Amino acid sequence: MSRIEIFDGAMGTMLQAGGLQPGACPELMNVENPEVVKNIHRAYIEAGATIIETNTFGASPLKLEHYGLTDRMAELNKAAVTIAKEAAQGRAKVAGSMGPTGRFIEPLGDLSFDDAYTNFFDQATALAEAGADFLIIETCIDLQEMRAALLAAKAACDIPVICQLSYSEDGRTVTGTDPQSAAILLDAMGADIIGVNCSLGPEELVPIVKTLAENCTCPISVLPNAGMPYLKDGQTVFPMGPEDFGKWGVKLLEAGASYLGGCCGTTPEHIRELANAVKDLPLPERRLPAKRLWLTSRSKAVCIDRSLPTRLIGERINPTGRKKLAAEIKEGSLLGVKKEAVNQVKAGAHLLDVNMGVGGIDQAAAMKRAVTEISQLTDAPLSIDTSDAKALEAGLKAYPGRALINSVSYEPERIAEFLPLAKKYGAAILCLPITPDGVPKTAEERIAVMHKIIAAAKEQGLDDGDFLLDALVMTVSADKNACYEVLITLQMYRERFGYPTTMGLSNISFGLPNRPLINSTFFAMCLAAGLDAPIMNPYDEAMQRALMASAALLGDDPNGLAYSKNEANLAVPKAAATAKVTELSPLEAIKQAVIDGEKDEIPSLVENALKSGLEANTITEQALTAAMTDIGVDFGAGRMFLPQVLLSAETMRSAFNKLKELTPANAAAPNQGTVVIATVKGDVHDLGKNITGALLANSGFKLIDLGKDVDSTEIVKAAIENNADIVGLCALMTTTMVQIDKVIADLKEAGCDAKVMVGGAAVTQDYADSAGADAYAPDGVKAVELAKELVKK
Amino acid sequence: MPIYNTPLLAIDAKEARRYAGLQKAQDFAEEKILAACQDARLLAQPCSVWEIYDYDCQSQMIQSSPPCKIQGEKIGQHLAGCEKVILLAATVGDDIEEDVTRRFNAGEYSMAVLLDAAATAAVEQVADGLEKALAPKMAAKGFGMKWRFSPGYGDWPLEQQPELIRLSSAASIGVGLSSSMMLVPRKSVTAIIGLYRKQENKEIQHAPKGCAACSQVNCPSRKR
């Protein structure tokens, strides 16, 4: 990074001015009208550009498919480089431009990672073979596509690769990547220059450039638009003129960029002003970030460092010893895995360890799927935990971020297979001091192995900031020194390496009683000795409390504020447990519990009421039915809402079940009548019908629910066979409402004298009247009230 | 037929609360709504698809092959001044709907209703995600985007759903229609977005959006 380089400006608008027809392929100009392209290059070089971009933005095989030109890919790219070099005549370097595919890579879209890779590999090869000085991957809005392109570019050639994402106004790419995560990942993957272009003007790009510069050591490039285009007097114009554009060059330079240029709407004049504005300026001194261990997902970066709070690595996505999870994974279901991912993050995990170690499955395929699904659900960075190199590569390839590899031991195949993968995909490694001879027992021995692993990793090109050191926990019941050696190991890791540390904790307590006590005590000791990122069960409350207490004791939680708040919250009994029951009579307590929807409390309340000598019928009438009456009133008055009413209905159900269980003779549920209920033919929305059915069933009606999309014949048949008192019909849409008329007519024709009640979003009182219904229920609560009236008639 | 599957890193609990008809319920436990949102995230299979067409706003014709005339005065007004239109379809799939039914049958009524509401919030988010993905692309070409508008809003008849299914390539993501013009899976949307040339210092008129365009004024989910 010795000097300021100036890129050229927009190509598309210049091509149009040079005769490119709307709808035509711009890259075809490279062979059909090379002089036009060459003149554009010349204009930019004369304006001060020191790097010009080839006219190949859309010249990848997938993009050329739109024009049926895929088979001419190599020709168009090579011609473009030749033209650029001829125009430059040594005055400027040539960057081979590669734009996005226009499709999203799985799972965001339907393009496979491998197809995207091949697409970029072929174009990169053509550009490099023709003699481009750089490759520039630009205007990418998805990090996964950028990863495919960067891997392909590096595999295709040895020339420097520039990676430019485009960010929206919210400071993230369309698919959610922030500039910090992008800079960390692309730097680790070996991008030579990291930057940003298009979508925004220079003003909006200053903070993005600053963040990029603060998070990587490589040079930063920036090619802003001349603002956003609009229509003026029938012409598309970009609002920022050359002079203003040039002035922003200084700010972008100060923010950390040393490669400056323009994107949409910029002209040779813009580039001239830009070049002039910065030409006599020295390159501002950039404060490069310290090499710390950063991991990222698509949209979030997490740092593990001794100066930062402890980071928890959730260990629960692991089928070892978990039969149900293992069986699910084997069957190909990832629901359990997804649940663990979401729940662990909710419980406080900062990173997630993913292990698919189930026998008899394709581990690589399982790892790919798991990583893909989890990365769509949570933004916690992942640790890929496998001993199988194929599964590791499948996971790394699928992961749109910088993962941690768990783990690299000093065993020949791990060193040979895992380290190159770490370098290739920009992953960090969890170093485990195990050798083919086994587990080193003492701290000194572990340090010695660790030195060897790190030396081997550095030989592969990994560096400080890529390592997380595992202290290796053995079982204290088998080795009395196990805990002591871990504590010494942690201290020595800090002294000798300075890298952050990790370990799985629970090994320590195997074979001992009260393992949670041993685990949490051990955890606290390790935190004091220098543990930075434990691999643990984040649901373990004892461990979480030990962590908070340790943070207070070690000064990481100044004055123990967070600790105090947490303990105070735990000390207050939960609202549900307040002793309201004691103040109320048994009947009042049951009634109140139904109103409050206390489903779990009600069985014991019912049991107590029976024990106190109350009759089942009394409980039903004076507590349960009375509660529903009150609920109906509150609902009608807008003081209670449907999900609350349904909670009460569930509580009623639970109460009835308990009554039935304890007094089978007395507690035959009151039978108010029989209701046949259905959503009419053609209509698939049955939520409203289900709600109404649930409320009727729990108000003493015998319910026959025919489901949704039910034919008139079936409804009539059920009504007659069951001697229904009421037929309830539901239709949501105007298109299906007419079926109500048909059912009512068919019922009459069949001589069925059941009353008909109708409802649904589009149904009104007027409609119900005209269809000949006996009642119109605007909601489920009203339906119960009306049903009671109808059966009395 | 470009496909985009918005990741659901969170489901908007406030929207789920609204769709459950709980806007005014101060005392309804937030944990229940959050639990429903979380379950919805695990069950949802978010997916969306879109196509862009030229549009003649005078005749309300989409220049597809074969072309399609947009029926309805309000949608016509909404698309006035637009040169192109995006037709889109979005869904969260079948699994979530099956789980709602399963919960109802198991007597978990309130959770079923909350999950259904969370699924509605989710499918809207999937469509929002697609819009967000398209906006910068369109802006770079000088286009602004009108609100998303669906059949059934205002006076746009549901009978045009088959055309929306065709024009948006909805079948490619498994979204289709029942015989009575209902989207299957149920938690799906189809919509049109008008694209207009951004003018200097000129704000474009939009038709009423979302709830404001709907005639169900007593709907419990209606935005306050």
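Keep in mind it's a predicted model, so treat the numbers as computed, not measured.

> Would you take a moment to explain the confidence of the model for chain A for this structure?
Scored by pLDDT, chain A comes out at a mean of 94, with 98% of its residues at no less than 70. Across residues 574–579 of chain A the pLDDT falls below 50, and counting only partners more than four positions away or on other chains, this stretch makes 1 contact in the model.

> Is there a simple way to explain the confidence of the model for chain B in this structure?
Reading fine detail from the predicted coordinates is not recommended where pLDDT is low. In the predicted model, chain B carries a mean pLDDT of 92, and the fraction of residues at 70 or more is 97%. As scored by the predictor, the complex reaches a pTM of 0.91 and an ipTM of 0.90.

> Mind showing me how you'd approach the nonpolar core here?
As a rule of thumb, nonpolar side chains are buried together in soluble globular proteins. The biggest cluster of nonpolar side chains holds 156 residues, and the ones touching the most others in it are I137(A), L260(A), I429(A) and M503(A). In this structure, this core is formed jointly by two domains, domain 1 (5–279) and domain 2 (471–537 + 540–570) of chain A, each of which donates at least three residues. In this structure I137(A) touches M98(A), M146(A), A149(A), L150(A), A153(A), V161(A), I162(A), C163(A) and Q164(A), once residues within four positions along its chain are discounted. Core analysis: the second largest hydrophobic core is formed by 97 residues, V781(A), A36(B), I96(B) and F143(B) among them.

> Looking at this structure, how should I read the interface of chain A and chain B?
Size of an interface: often given as the accessible area lost when the parts come together. Taken residue by residue, the interface counts 51 residues in chain A and 52 residues in chain B. Roughly 4500 Å² is buried in total at the junction of chain A and chain B, and carbon and sulfur atoms are behind 62% of that figure. Of all residues in chain A, L231(A), P643(A) and L687(A) give up the largest surface area on contact with chain B, accounting jointly for 13% of the area buried on that side. The tally of links from chain A across to chain B stands at 2 salt bridges. At the surface where chain A touches chain B, the tally comes to 14 residue pairs in polar contact (both at pLDDT 80 or more). Going through the elements one at a time, β8 (230–232), α13 (335–346), α14 (363–377), α26 (642–662), α27 (687–697) and α29 (734–749) of chain A are the ones with two or more residues in the side of chain A that touches chain B. Per-element tally for the side of chain A that touches chain B: the top contributor is α26(A), with 7 residues. Looking at the side of chain A that touches chain B residue by residue, the class counts come to 23 nonpolar, 17 polar and 11 charged.

> So what exactly am I meant to see when it comes to the pattern of salt bridges here?
Any two side chains of opposite charge can pair, so long as their charged atoms come close to each other. As enumerated under the stated definition, the model contains 53 salt bridges over all chains in all. Here E86(A) ties to K38(A) by a salt bridge, and the two come within 2.6 Å at their closest N and O atoms. Placement of the pair is E86(A) in helix α5 (residues 73–88) and K38(A) in helix α3 (residues 34–47), with a sequence separation of 48 residues. By relative accessible area, E86(A) is classed as partly exposed at 39%. In this structure, K84(B) engages D54(B) in a salt bridge whose closest nitrogen and oxygen atoms are separated by 2.7 Å. Of the two residues, K84(B) sits in strand β5 (residues 84–91) while D54(B) sits in strand β2 (residues 47–56), which places them 30 residues apart along the sequence. Among the residues examined, K84(B) registers a relative accessible area of 24% and is labelled partly exposed. Through salt bridges with shared partners, a single network forms among K708(A), E97(B), D116(B), R186(B) and K187(B).

> What exactly am I supposed to notice about the environment of N197(A) here?
Residue and element names in this part refer to chain A. In this fold, N197 is placed in strand β6 (residues 193–197). Residue N197 is classed as buried on the basis of its relative accessible area, which comes to 0%. Note: C-alpha distance between N197 and L223 (26 residues apart in sequence) is 4.5 Å. Filtering out sequence-adjacent residues up to four positions away, N197 remains in contact with E138, T139, Q164, L165, S166, L223 and C263. A distance of 2.8 Å separates a polar side-chain atom of N197 from the backbone nitrogen of T139. At 3.5 Å, the side chain of N197 and the side chain of Q164 are in polar contact.

> Please explain the packing of α26(A) against helix α5 (residues 109–140) of chain B as it appears in this structure.
The geometry of a pair of packed helices is captured by two quantities: the angle between their axes and the separation between those axes. Two elements in contact, α26(A) and α5(B), have axes separated by 7 Å at closest approach and are oriented at 150 degrees. In terms of their interaxial angle, α26(A) and α5(B) are classed as roughly antiparallel. Between α26(A), through P643(A), L646(A), L647(A), A649(A), E650(A) and R653(A), and α5(B), the contact on the second element is made entirely by Y109(B), S110(B), M111(B), V113(B) and L114(B). Of the residues contributing to the contact of α26(A) with α5(B), the split by class is 8 nonpolar, 1 polar and 2 charged.

> Can you help me understand the domain arrangement of chain A in this one?
Domain annotation for chain A reports domain 1 (5–279), domain 2 (471–537 + 540–570), domain 3 (586–662) and domain 4 (674–792). On a C-alpha basis, the centres of domain 1 of chain A and domain 4 of chain A stand 63 Å from each other.

> It is not clear to me how the sheet that holds strand β1 (residues 5–6) of chain A should be interpreted in this structure. Could you clarify?
Residues and elements named next belong to chain A. Reading across the sheet, the 8 strands line up as β1-β10-β7-β6-β5-β4-β3-β2 and stay open at both edges, with parallel pairing between neighbours. If you trace the sheet from one side to the other, it starts and ends with β1 and β2 (51–53), each paired once. In the sheet, strand β7 (residues 220–223) pairs with strand β10 (residues 257–260) via 3 bridges, with the strands oriented parallel. Following the sheet pairing, S221 is matched in β10 by Y259.

About the thresholds
- The residue numbering used here restarts from 1 in each chain and proceeds along that chain's sequence as written.
- Chain A is the first chain written and ligand 1 is the first ligand written, with later ones labelled in order.
- Local features in a predicted model are, by the rule used here, given only for residues with pLDDT of at least 70; side-chain atom pairs are given and counted only at 80 or more, and totals for whole chains, interfaces and linings are based on all residues.
- To get the side-chain values, take all heavy atoms of the structure and skip hydrogens and water.
- Confidence scores here are pLDDT values: one per residue, from the predictor, ranging 0 to 100.
- Residue contacts are defined here by distance: any two heavy atoms, one from each residue, within 4.5 Å place the two residues in contact.
- Each nonpolar core is a collection of buried residues, namely Ala, Val, Leu, Ile, Met, Phe, Trp, Tyr and Cys, held together in the definition by side-chain atoms within 4.5 Å.
- Partly exposed describes any residue whose relative accessible area lies between the buried limit of under 20% and the exposed limit of over 50%, with all areas from a 1.4 Å probe on protein chains only and scaled to the type maximum.
- Residue ranges assigned to the domains are those given by an automatic or database domain assignment.
- When two components associate, each loses some accessible surface as probed by a 1.4 Å sphere; the sum of these losses over both components is called the buried area.
- A carboxyl oxygen of Asp or Glu within 4 Å of a side-chain nitrogen of Lys or Arg is what we treat as a salt bridge.
- For this analysis, a polar contact is any N or O atom pair within 3.5 Å, provided that within protein one partner can donate a hydrogen and the other can accept it, and provided that sequence-adjacent residues contribute only side-chain to side-chain pairs.
- In DSSP terms, a helix is any run of H or I states spanning at least four residues, a strand is any run of E spanning at least two, and both are numbered starting from the N terminus.
- Three categories are distinguished: nonpolar for Ala, Val, Leu, Ile, Met, Phe, Trp, Tyr, Cys and Pro, charged for Asp, Glu, Lys and Arg, and polar for the others, with Gly belonging to the last.
- To obtain each axis, a line is fitted to C-alpha atoms, and for helices this fit is confined to the stretch in contact; angles are then taken between N-to-C directions over 0 to 180 degrees.
- Every angle not falling under 35 degrees, over 145, or within 65 to 115 is termed oblique; those three ranges are roughly parallel, roughly antiparallel and roughly perpendicular.
- When DSSP finds at least two bridges between two strands, those strands are taken to pair.

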